[in-house]
Every structure is written in C-alpha cells, then in structure tokens.
Amino acid sequence: MIELNDVSYSYGGGELLSGIDLTLAPGSFHFLTGPSGAGKTTFLKLCYADLLATAGRVSAFGQDARAMGRDDIARLRRRIGVVHQDCQFLDHLSVTENVALPLTVSGRDVVAEAENLTSLLSWVGLGDQGDSLPPQLSGGERQRAALARAVIMAPEIVIADEPTGNIDWEMSLRLLTLLVELNKMGKTILIATHDLNLIRTAKQQVSARVLRIHNRGIQLAGADL
Ligand SMILES: Nc1ncnc2c1ncn2[C@@H]1O[C@H](COP(=O)(O)OP(=O)(O)O)[C@@H](O)[C@H]1O
Ligand SMILES: [Mg+2]
C-alpha cells in the first residue's frame, strides 16, 4: 500500500532520514519509535505525501508521490486517515461537526450520514458529547474525537502520530483498543510513539511490527522491547 525505495529526506541541513526501504502491507500493524527529533513525524508525512522525499521514491497505492497532482492528493487523503500529533479542532464547531468536517469538505451530504456519525461517535465513546465544543473535552476525549475524524471517510490506512502523548494510561489503552479494532476490521495501521509500554501491551493483542529510527535509517526492532 505504501512503499519506500531508498528514501532520504532533508529539511535543508544534513539528511534527517537516509536510504530507507520499507513496505507497509495491507492489513499490517506497525509502530514507529525513536527518540524525540529522530524524524518520526517527518517519516509519517512522507507516507501520506505531505512531504516529498528529497531522494528516492515513495509510492502509495501504486502511485508515485512525486507524480501526484492536486486531485490525486485529495483522493489519497481520503484513503489515509491521519491523527495528527497536536489534533486541532475548530473550537466554535461542535464535536460532531468537527468529526464530520472531512465529509463537508469533500461535498458529501452530512445529514445523509447522520446515522454513521452517531455510531462512529459512540464507537469512540463520545456518544454523549457530540454537541460539546472541543475545549470541553479531556485530553483522551480529544484524541478519540481526532480518531473518529480520521476514519469518517473510511480510509484503508490509519496513521497516528503520538496519539497517547498527553493522556493517562487508562485513556491510552482505550485508544489502543480502538486502533486494534480498526486493524481487525482490515485497516492498515501505523502509529508513531515513544511509549514502549503501549507497544508491549499492543503486542499481546495484535501481531505488530516495531520499526525504530536509528542512525537516520529504519530498523526492525527485535523481541527485546
Ligand atoms: N519544517 C521543518 N523545518 C526544519 N526542520 C524541521 C522541520 N520539521 C522538523 N524539523 C526537524 O527535523 C527533526 C525531526 O523532527 P520530527 O520528524 O518532528 O521528529 P520526531 O517526530 O521524531 O520528534 C527535528 O530536529 C526537527 O527540529
Ligand atoms: Mg513527532
């Protein structure tokens, strides 16, 4: 689904990522770890074509990221749902409206999707908070609202950047459960995290591969976690 061939990336200084070869297969579950500043967010952005590799080739669904036009990128964004590190919302819109935003933006009839929206919100445990405003949500609730927004377009791949960064352990487990459920529904999952406890817990529930950024490359971590 996503394939990187000899990919390097530099923001202008030295190379941050170098010579990366990797394939994310359909239905796979990957964690990406590495210290802060190692390039996890950058790597994710290369995967969903928010950044273009400075060398090498990234392809998503068989299409070269460098050859994608604006429409291709829009189509790609529907097939890859992203939970961003800072998960921002429009604070004057309700939680439901925020989650529905990708539908609105792509011109879909939100009223016709009302039932979907309701069941999605209750799936993430926000069935009673649809009318709340984002500032009224706790950290864990914000992350689950961001996950709902990321999957509203029924993407095939879900990418989450440090989704449990600022939330307590119980809330982290709850979010992990949702990501594992998505994987069991057939979605391909890629999560950047430096939370090794989260990875250990996940490995008891799902067959996950752990990638580690080390010396600008990506290596497969062993069972030593
Ligand atoms: N837009 C940017 N311009 C220049 N440098 C950047 C930019 N974004 C990130 N960096 C730098 O690239 C490095 C890796 O960042 P990032 O991918 O966010 O790492 P991580 O997510 O692993 O913490 C950091 O040193 C960061 O300061
Ligand atoms: Mg990051």
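Structure first, text after, so check above.
Residues numbered from 1 in each chain as written. Chains lettered and ligands numbered in written order. Predicted model: local features only at pLDDT ≥ 70, side-chain atom pairs only at ≥ 80, totals over all residues.

The subject of this paragraph is the overall build of the chain. Looking only at helices and strands, one finds seven helices and 10 strands in the chain. What you see for the chain is a C-alpha radius of gyration of 17 Å, in line with the 17 Å of a compact globule of 225 residues. The C-alpha extent of the chain, read off along each of the three principal axes, is 45 × 40 × 30 Å. Across the chain, contacts joining residues at least 24 apart in sequence account for 69% of those joining residues at least 6 apart. (Helix = DSSP H or I, 4+ residues; strand = E, 2+ residues; numbered from the N terminus. Rg over C-alpha atoms; globule rule 2.2 N^0.38 Å. Contact = placed C-beta atoms within 7 Å.)

Close to ligand 1 lie Tyr11, Leu16, Gly34, Ser36, Gly37, Ala38, Gly39, Lys40, Thr41 and Thr42. Its residues placed into classes, the shell around ligand 1 shows three nonpolar, six polar and one charged. (Near = placed C-beta within 6 Å. Nonpolar A, V, L, I, M, F, W, Y, C, P; charged D, E, K, R; others polar.)

Spatially, 6-7-8-3-9-10 is the arrangement adopted by the six strands of the open sheet, whose pairing is mixed. Strands with a single pairing partner mark the edges of an open sheet, and in this sheet they are strand 6 (80-83) and strand 10 (217-220). Here the strands of the sheet are splayed against their neighbours by 20 degrees on average, with no regard to which way each runs. Helix-sheet contacts for helix 6 (residues 169-184) involve strand 3 (29-33), strand 7 (157-161) and strand 8 (188-192), and the interaxial angle to strand 8 is about 150 degrees. (Pairing = 2+ DSSP bridges. Axes fitted to C-alpha atoms, helices over the stretch in contact; angles between N-to-C directions.)

Bringing the sheet that holds strand 4 (residues 55-60) into the picture now. Taken together, four strands build an open sheet; the order of strands is 2-1-4-5 and the sheet is antiparallel. Two strands lie at the open edges of the sheet, namely strand 2 (17-24) and strand 5 (63-64), each paired on one side alone. Bridge count between strand 4 and strand 5: two bridges; the pairing is antiparallel. Following the sheet pairing, Ser59 is matched in strand 5 by Asp64. Across the sheet, helix 1 (residues 40-47) touches strand 1 (2-9), strand 2 and strand 4, and the angle it forms with strand 1 is around 130 degrees.

Within the largest apolar cluster, 57 residues are counted, with the highest numbers of intra-cluster contacts made by Ala148, Val158 and Ile159. Broken down by element, the residue count for this core peaks at six residues, all from helix 5 (residues 139-151). When near neighbours in sequence (up to four residues on either side) are disregarded, Ala148 contacts Val99, Leu120, Leu121, Val124 and Leu126. (Core = buried A, V, L, I, M, F, W, Y, C linked by C-beta atoms within 7 Å. Buried ≥ 20, exposed ≤ 12 C-beta atoms within 10 Å, placed from the backbone.)

Time to look at unusual backbone geometry. Notably, Cys87 is not glycine yet its phi reads approximately 20 degrees, a positive angle. Relative to the helices and strands, Cys87 is located in the loop between strand 6 and helix 3 (95-105). Look at Glu162: it is not a glycine, yet its phi comes out positive at around 45 degrees. Turning to its location among the elements, Glu162 is positioned in the loop between strand 7 and helix 6.

Moving on, we get to the pairing of strand 9 (residues 209-214). Where strand 3 lies against strand 9, four bridges are found, and the strand directions are parallel. When the bridges of strand 9 are listed, Thr33 appears paired with Arg212. A loop of two residues connects strand 9 with strand 10, the two strands running antiparallel in sequence, and Asn215 in this loop sits at a positive phi of about 50 degrees.

Moving on, we come to the packing of helix 3 against helix 5. Taken N-terminus to C-terminus, the directions of helix 3 and helix 5 make an angle of 35 degrees; their axes are 7 Å apart at the nearest point. For helix 3 against helix 5, the interelement crossing comes out right-handed. Of the residues in helix 5, those in contact with Val95, Asn98, Val99, Leu101 and Pro102 of helix 3 are Ala145, Ala148 and Arg149. Residue classes in the contact of helix 3 with helix 5 are distributed as six nonpolar, one polar and one charged. (Left-handed = near helix turned anticlockwise from the far one by under 90°.)

This part takes up the environment of Ala114. Topologically, Ala114 is positioned in helix 4 (residues 114-123). Note on Ala114: 12 C-beta atoms within 10 Å, which makes it exposed. Each C-alpha atom of the pair Ala114 and Ala100 lies 9.1 Å from the other, and the pair is 14 residues apart in sequence.

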